[in-house]
Amino acid sequence: MNVTKIAPSILSADFGCLEKEVASVVDAGCDWIHIDVMDGHFVPNITMGPLVVSALRRRFRCTLDVHLMIEKPESMIPSFVEAGADVITIHQEATHHPHRALQMIRSSGLRAGLAINPGTGLDSLPYLVGEMDLLLIMTVNPGFGGQTLIPATVSKVASARRQLVELGRGDVLIEVDGGINEETIREVYEAGANVFVAGSAVFDHSDRTDAVARLTKALAM
Ligand code: DX5
Ligand code: ZN
C-alpha cells in the first residue's frame, strides 16, 4: 500500500485562532486533520468535543480524523457523526464492546478506526479486523502532545502490518500517533504505517509549509 498522509493534530495548535491554524496546514498540502478528543477519565486531560468538529466542518473540506480518547465512546459516536467527522477512532481499552462500537461508526457511513495504547497487544486483531478501516497504534501513552515515541511500539507496527496482510486486510490504514517527527517518521513508515499524526512537529513551528515539507522529506529518504 502506498498511501501516506501527514495528519497534523490540532492539540498543539493555538485555539485562539483555530481557523487560521488549520488553514495553515491545509495550505501546506495536508488533507487530513487529526482531532484529539479527551474526557478527563480515559486520559488525564480534557480537550474538545463535537462543537469544534462541526465548526471545522463548516470551514474545511479536508478529512476530519477524530480520535476519541473517551470512556464508553458508543454514547458519543452519534454526536460526532452529526458534527461531520469523516473518520472516528475509538480505543479498544475504553469499551467492553469495541466490535459493536466499530459497527456503529461504519453503519453511519464513516470510516472506523481502532486505537490501541502502547501496553495493548494485537490479540484482538483477527476478531475486529472485519469492522475496521484503520488501526491507530499509539506510539506514546495518550493524553498529551510533545512526548517521546516509545521504541517498542515500532515493532508492533511491523507486526500489525504483517498480520493485516495475512488476514487479507492489507488495505487497512495503520496510523501512528505520538512523538512523530523528522527523526522518527522514517522508522514507523518502514514498519508499515501510512498515516502519521504530528502535533508539535508541525504546530510548534511558525512556518507550517516548511514543517510539513521536512516530515515529507524525512519520509521519502
Ligand atoms: C496524544 C494525542 C496526539 C498528540 C500527538 O494523546 O493522541 O494526537 O497530539 O502530539 P505530538 O505529535 O506532539 O506527540
Ligand atoms: Zn491522537
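Structure's up top.
Residues numbered from 1 in each chain as written. Chains lettered and ligands numbered in written order. Predicted model: local features only at pLDDT ≥ 70, side-chain atom pairs only at ≥ 80, totals over all residues. Heavy atoms only, no water.

The next point concerns the coordination of the zinc ion (ligand 2). Within the protein, the atoms that donate to the zinc ion (ligand 2) are His34 (NE2), Asp36 (OD), His67 (ND1) and Asp177 (OD), at distances of 2.0 to 2.3 Å. Around the zinc ion (ligand 2) sit 6 donor atoms; with metal-centred angles ranging over 68 to 169°, the donor geometry is octahedral. Site description for the zinc ion (ligand 2): donor spacing in sequence, H-x1-D-x30-H-x109-D. Exposure class is identical for His34 and Asp36. Each is buried. (Donors = N, O, S within 2.8 Å, 3.2 Å for Na, K, Ca; no water. Tetrahedral: all angles 85-135°; square planar, octahedral: opposite > 155°, others 65-115°. Buried < 20%, exposed > 50% of the residue type's maximum accessible area, 1.4 Å probe, protein only.)

In this section: the sheet that holds strand S3 (residues 63-69). The 8 strands are arranged S1-S8-S7-S6-S5-S4-S3-S2 in an open sheet whose pairing can be described as parallel. Each edge of the sheet is formed by a strand with only one pairing partner; in this case those strands are strand S1 (5-8) and strand S2 (32-38). Taking the axes of each pair of neighbouring strands and ignoring which way they run, one obtains an average angle of 25° across the sheet. Here strand S4 (residues 87-91) runs beside strand S5 (residues 111-116); their pairing, made up of 5 bridges, is parallel. Looking across to S5, one finds that His91 is bridged to Ala115. (Pairing = 2+ DSSP bridges. Helix = DSSP H or I, 4+ residues; strand = E, 2+ residues; numbered from the N terminus. Axes fitted to C-alpha atoms, helices over the stretch in contact; angles between N-to-C directions.)

In this section: the environment of Gly130. Residue placement: Gly130 occurs in the loop between helix H5 (125-128) and strand S6 (134-138). Judged by its relative accessible area of 46%, Gly130 is partly exposed. Setting aside its immediate chain neighbours within four residues, Gly130 contacts Arg106 and Arg169. (Contact = heavy atoms within 4.5 Å.)

We now examine the side chain of Thr184. On the secondary structure map, Thr184 appears in the loop between strand S7 (173-177) and helix H7 (185-191). The class for Thr184 is buried, based on a relative accessible area of 12%. Thr184 has contacts with Leu149 and Gly179, leaving out every residue within four places of it along the chain.

Now for the packing of aromatic side chains. Counting across every chain of the model gives 1 aromatic pair. Plain terms: the ring middles of Tyr189 and Phe196 are 6.4 Å apart, the flat faces sit at 50° to each other, and that makes the pair tilted. Using a relative accessible area of 0% as the deciding quantity, one classes Phe196 as buried. (Phe/Tyr/Trp six-rings, centres within 6.5 Å; stacked < 30°, edge-to-face > 60°.)

Counting residues in hydrophobic clusters, the biggest one holds 63 residues, and the most contacted among them are Ile10, Ile35, Leu56, Leu68, Leu135 and Phe196. Those residues in contact with Ile35 that lie beyond four places of it in its chain are Ile10, Met48, Val53, Leu56, Leu64, Asp65, Val66 and His67. (Core = buried A, V, L, I, M, F, W, Y, C linked by side-chain atoms within 4.5 Å.)

Around ligand 1, the structure places 20 residues, and the nearest of them are Asp36, Gly143, Asp177, Gly199 and Ser200. His34 is positioned such that a nitrogen or oxygen atom in its side chain is 3.5 Å from an oxygen atom of ligand 1. Measuring from an oxygen atom of ligand 1, one finds a side-chain N or O atom of Ser200 at 2.5 Å. Protein chains shield 100% of the accessible area of ligand 1, which is 380 Å² for the free molecule. Going through the elements one at a time, S2, S3 and strand S8 (195-198) are the ones with two or more residues in the shell around ligand 1. The residue makeup of the shell around ligand 1, split by class, is 8 nonpolar, 10 polar and 2 charged. (Near = heavy atom within 4 Å. Polar contact = N/O pair within 3.5 Å; in protein donor to acceptor, adjacent residues only side chain to side chain. Areas by Shrake-Rupley, 256 points an atom, 1.4 Å probe, with all protein chains shown as cover. Nonpolar A, V, L, I, M, F, W, Y, C, P; charged D, E, K, R; others polar.)

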